[in-house]
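# Descriptive structure summary
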Amino acid sequence: MLNGRLFDCSTEERLSLGLLRSRIVPSPQLPHEVGAGPATLIVENIATYDSLACELPPDGEVGRVVLGRGNDLGSVLTGLAAVPPCELRYFGDLDVEGLRIARRGAASAAVLGLPELCPAARLYALLVEHGHPQPAKARTVADLPALVAWLPESVRGPVGDTFAAGRRLAQEWVGRELLRTVDLAEV
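This is a predicted model, so every value here is computed, not measured.

Looking only at helices and strands, the chain has seven helices and seven strands in total. In the chain, buried positions account for 44% of the 187 residues. Here the chain displays about 10100 Å² of accessible surface, and carbon together with sulfur accounts for 54% of that area.

Spelled out as structure tokens, the structure:
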């Protein structure tokens, strides 16, 4: 992307990471250690992984953050099975595929003998409260009740309504600016 026309460094009229107040985040290979908390938080996408890795408090329930890598969640869980965490939380996009990934991950965790893969209730509540729904690819969802059943009860209704309206919520709405304003002792 940085080699494309928008970021052409031969002219000052092009975009730069500094101008966008952003940075390139390399794909992490190891869990990010946050503190001594018992929970391992798996985050679907790299931007939100980076935000949480930077903003989670060291004295909260999350001890480490792991990049879930979307559809590679099964292999991430397999890697975690070598040294199982005490607790597992998951935070991903609120769209059909994102919830399918989470449900498959929950099934994989059970097969691998890991703790139950639970939704990061506080983070999903923040996403529902502060996110801006965007059009979704999937317009009809036959397994909607089963998908939203994995989520905390407090967000099932709003998420079901969002899906029924043909919309989705990307987890990136829960970014560093928002995370700095809330208590993250529990996720």
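Continuing now.
Right, let's talk about a nonpolar patch on the surface for a bit. On the surface, a cluster of nonpolar side chains totalling about 270 Å² of accessible area is made up of L15, L19 and L20. Relative to the helices and strands, L15 resides in the segment before strand 1 (32–33).

Another aspect to go through is the sheet that holds strand 4 (residues 87–91). Strand order across the open sheet formed by five strands is 1-3-2-4-5, with mixed pairing between neighbours. Strands at the two margins of the open sheet, each flanked by one partner only, are strand 1 and strand 5 (117–119). Where strand 2 (residues 39–43) meets strand 4, five bridges bridge the pair, whose relative direction is parallel. Residue pairing across strands places L41 opposite R89, the latter belonging to strand 4.

Among the residues making up helix 4 (residues 121–130), those that are buried are L123, Y124, L126 and L127. For helix 4, the angular spread of buried residues about the axis comes to 155°, placing them on one side. Where helix 4 is buried, its residues meet strand 2, helix 1 (46–55), strand 4, strand 5, helix 6 (153–164) and helix 7 (176–179).

Moving on, we get to the pattern of salt bridges. In the structure shown here, the tally under the stated rule is seven salt bridges. In this structure, R176 engages E55 in a salt bridge whose closest nitrogen and oxygen atoms are separated by 3.1 Å. Within this pair, whereas R176 is found in helix 7, its partner E55 is found in helix 1, the two being separated by 121 residues in sequence. Taking the relative accessible area as the measure of exposure, R176 reaches 24% and is therefore partly exposed. Here the salt bridges share partners, and the residues they tie into one network are E55, R176 and R180.

Glancing now at the packing of helix 4 against helix 6. The contact between helix 4 and helix 6 brings their axes to 10 Å, and the two run at 35°. Between helix 4 and helix 6 the crossing geometry is left-handed. Contacts between helix 4 and helix 6 involve Y124, A125 and V128 on the former and, on the latter, V155, P158 and V159. Class assignment for the residues of the contact of helix 4 with helix 6 results in six nonpolar, no polar and no charged.

Conventions adopted
Residues numbered from 1 in each chain as written. Predicted model: local features only at pLDDT ≥ 70, side-chain atom pairs only at ≥ 80, totals over all residues. Heavy atoms only, no water. Helix = DSSP H or I, 4+ residues; strand = E, 2+ residues; numbered from the N terminus. Buried < 20%, exposed > 50% of the residue type's maximum accessible area, 1.4 Å probe, protein only. Areas by Shrake-Rupley, 256 points an atom, 1.4 Å probe, with all protein chains shown as cover. Patch = residues over 30% accessible without salt bridge, like charges linked within 9 Å, V, L, I, M, F, W, Y side chains within 5 Å. Salt bridge = Lys/Arg side-chain N within 4 Å of Asp/Glu carboxyl O. Pairing = 2+ DSSP bridges. Arc of directions from axis to C-beta. Contact = heavy atoms within 4.5 Å. Axes fitted to C-alpha atoms, helices over the stretch in contact; angles between N-to-C directions. Left-handed = near helix turned anticlockwise from the far one by under 90°. Nonpolar A, V, L, I, M, F, W, Y, C, P; charged D, E, K, R; others polar.

Coordinates in, geometry out; function isn't part of it.
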